[in-house]
Amino acid sequence: MRLNGKTAIVTGAGSGFGEGIAKRFAQEGARVVVNDINTQGGERVAGEIATAGGKALFLRADVTRGGEWAGMIGAAETTFGGLDIIVNNAGWTHRNKPYLEVSEAEFDRVYAVNVKSVYLSALHAVPVFRRRGGGCLVNIASTAGLRPRPGLTVYNSSKAAVILMSKSMAAEFGPDRIRVNCVNPVFSPHTALSAEFAGGEVTEETRKRFLATIPLGRFSTPLDVANACLYLASDEAAFVSGACIEVDGARCV
């Protein structure tokens, strides 16, 4: 198993990409801390992992708060004996609309959930990783951070920040044997935020419009994203740091 003996925290793991990542990691032997602010979804995912023979612990925590990160990492160490991997998957967006209609509160929430959470994860995890002789962070960004389109300008810029932050963190923490990479999924109707990205209900017409921009002719799935994260978190990627993998069917080419 590719993650046998490793402990991972996956944020936003109560549905969508995070659920796919948590379950895929557990299949490969990881002990998984399933994090979400949605208790029902998080407990369901952790329970399904356990039913399938894996090891999982659900922890409700707000990733925009440093104290809750400290508690989550402490619980991972207490329950599973350490921490090796963090996947920063939790994300949020304002609804697709003109830039000047995005409220200050929406702006603040986008940056708190998408960017501040990555900062906080490293703030609390890097000392643990240093004591353990290394670690791995995988940050879920987006093709929106590379190929922005109107209507999601604040969200797009937050994901561009995650991409650059990941690269800079990789350079800074490399001497500590801490690897930092990111994954850029394309739009997917399999996530809870799909209607926000689309600006309303995801109709058949909406699906066709988005699909027309993806050369491989289908949307990204939770398994697609999970497999990219699995590679980056595994020892197979021991010399890969500062990279971004587009899981987008050539959308960004």
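Everything here concerns the structure above.
All of these numbers come straight from a predicted model, not from anything done at the bench.

**Student:** I tried to follow the pairing of strand β4 (residues 85–88) on my own but got confused; where do I start?
**Tutor:** Where a strand is regular, its side chains alternate between the two sheet faces. The alternating pattern of β4 places I85 and V87 on one face and I86 and N88 on the opposite face, and all of these are buried. Since β4 and strand β5 (residues 135–140) lie parallel, the crossover through helix α4 (residues 104–132) that links them has a hand, and here it is right-handed.

**Student:** In this structure, what is going on with empty space enclosed by the protein? I would like to understand it.
**Tutor:** One simple way to see leftover space: roll a probe sized like a water molecule over the atoms. Scanning the model with the defined rule gives one cavity of 30 Å³ or more in all. Taken as a whole, the largest cavity holds about 40 Å³ of empty space. Considering the residues around the largest cavity, the lining is formed by N88, A90, N114, S117, V118, N139, I140, K159 and V162. Listing elements by their share of the lining of the largest cavity, those giving two or more residues are α4, β5 and α5 (153–173). Of the residues that constitute the lining of the largest cavity, the class distribution is four nonpolar, four polar and one charged.

**Student:** Would you explain the environment of A144 in this entry?
**Tutor:** As for its position among the elements, A144 is in the loop between β5 and α5. Residue class for A144 comes out buried when judged on its relative accessible area of 13%. A144 sits 72 residues away from M72 along the chain, and the two C-alpha atoms are 29 Å apart. When near neighbours in sequence (up to four residues on either side) are disregarded, A144 contacts Y155 and N156.

**Student:** Help me understand helix α1 (residues 16–27), please; the structure alone is not making it clear to me.
**Tutor:** Note on helix geometry: an α-helix contains 3.6 residues per turn, so any two residues three or four positions apart are oriented the same way. Helix length check: α1 (12 residues) gives 17 Å between terminal C-alpha atoms against 16 Å at 1.5 Å per residue, within 8%. Looking one or two places after α1, you find G29, whose phi comes out positive at around 95°.

**Student:** What's the story with the packing of aromatic side chains in this structure? I'm lost.
**Tutor:** Given two aromatic rings, their pairing is described by the distance between the two centres and the angle made by the two planes. According to the stated counting rule, one finds three aromatic pairs in the structure shown. Centroid distance F187 to F210: 4.0 Å. Interplanar angle 10°. Geometry classified as stacked. Separated by 23 residues along the polypeptide, F187 in the loop between β6 (178–185) and α6 (194–198) and F210 in helix α7 (residues 204–211) bring together distant segments of the chain. In this structure F187 comes out as buried when scored by relative accessible area, which is 10%. Between F187 and F219, the aromatic rings sit 5.7 Å apart at their centres with planes inclined by 75°, giving edge-to-face as the arrangement. Note that F187 is positioned in the loop between β6 and α6 and F219 in the loop between α7 and α8 (222–233), a separation of 32 residues in sequence. F219 gets classed as buried once you look at its relative accessible area, which sits at 8%. Among the aromatic residues, those joined into a ring-pair cluster are F187, F210 and F219.

**Student:** What am I meant to see in the sheet that holds β5 here?
**Tutor:** Strand pairing in a sheet is mediated by backbone hydrogen bonds. Such pairs are either parallel or antiparallel. Read across the sheet, seven strands follow the order β3-β2-β1-β4-β5-β6-β7 without closing on themselves; strand pairing throughout is parallel. In the strand order of this sheet, the two ends are held by β3 (55–60) and β7 (244–247), each with one partner. Adjacent strand axes in the sheet meet at a mean angle of 15° when their direction is disregarded. Judged from the four bridges that link them, β4 and β5 form a sheet pairing that is parallel. Directly across from V87, in β5, lies its bridge partner V138. α5 contacts β5, β6 and β7 of the sheet and is inclined by roughly 160° relative to β6.

**Student:** Whenever I open this one, the layout of surface pockets confuses me. Can you help?
**Tutor:** The calculated volume of the largest pocket comes to roughly 1200 Å³. For the largest pocket, the lining is made up of 49 residues, of which G91, Y155, T191, L193 and F197 are closest to its centre. Counting only elements with at least two residues in the lining of the largest pocket, the list comes to α1, β2 (31–36), α4, α5, α6 and α7. For the lining of the largest pocket, a count of residues per class yields 24 nonpolar, 17 polar and eight charged. Its volume calculated, the second largest pocket comes out at about 420 Å³. Lining the second largest pocket are 19 residues, and of these G135, R177, I178, R179 and A238 sit closest to its centre. A breakdown of the residues in the lining of the second largest pocket according to their chemical character gives eight nonpolar, six polar and five charged.

Conventions we followed
- Residues numbered from 1 in each chain as written.
- Predicted model: local features only at pLDDT ≥ 70, side-chain atom pairs only at ≥ 80, totals over all residues.
- Heavy atoms only, no water.
- Buried < 20%, exposed > 50% of the residue type's maximum accessible area, 1.4 Å probe, protein only.
- Helix = DSSP H or I, 4+ residues; strand = E, 2+ residues; numbered from the N terminus.
- Right-handed = clockwise from strand over helix to strand, strands pointing away.
- 1 Å grid on protein atoms, 1.4 Å probe; cavity = no way out; pocket = protein on both sides within 12 Å on 5 of 7 lines; lining within 4 Å.
- Points joined across faces, edges and corners; volume = space filled by probe spheres on them.
- Nonpolar A, V, L, I, M, F, W, Y, C, P; charged D, E, K, R; others polar.
- Contact = heavy atoms within 4.5 Å.
- Expected span 1.5 Å × (residues − 1).
- Phe/Tyr/Trp six-rings, centres within 6.5 Å; stacked < 30°, edge-to-face > 60°.
- Pairing = 2+ DSSP bridges.
- Axes fitted to C-alpha atoms, helices over the stretch in contact; angles between N-to-C directions.

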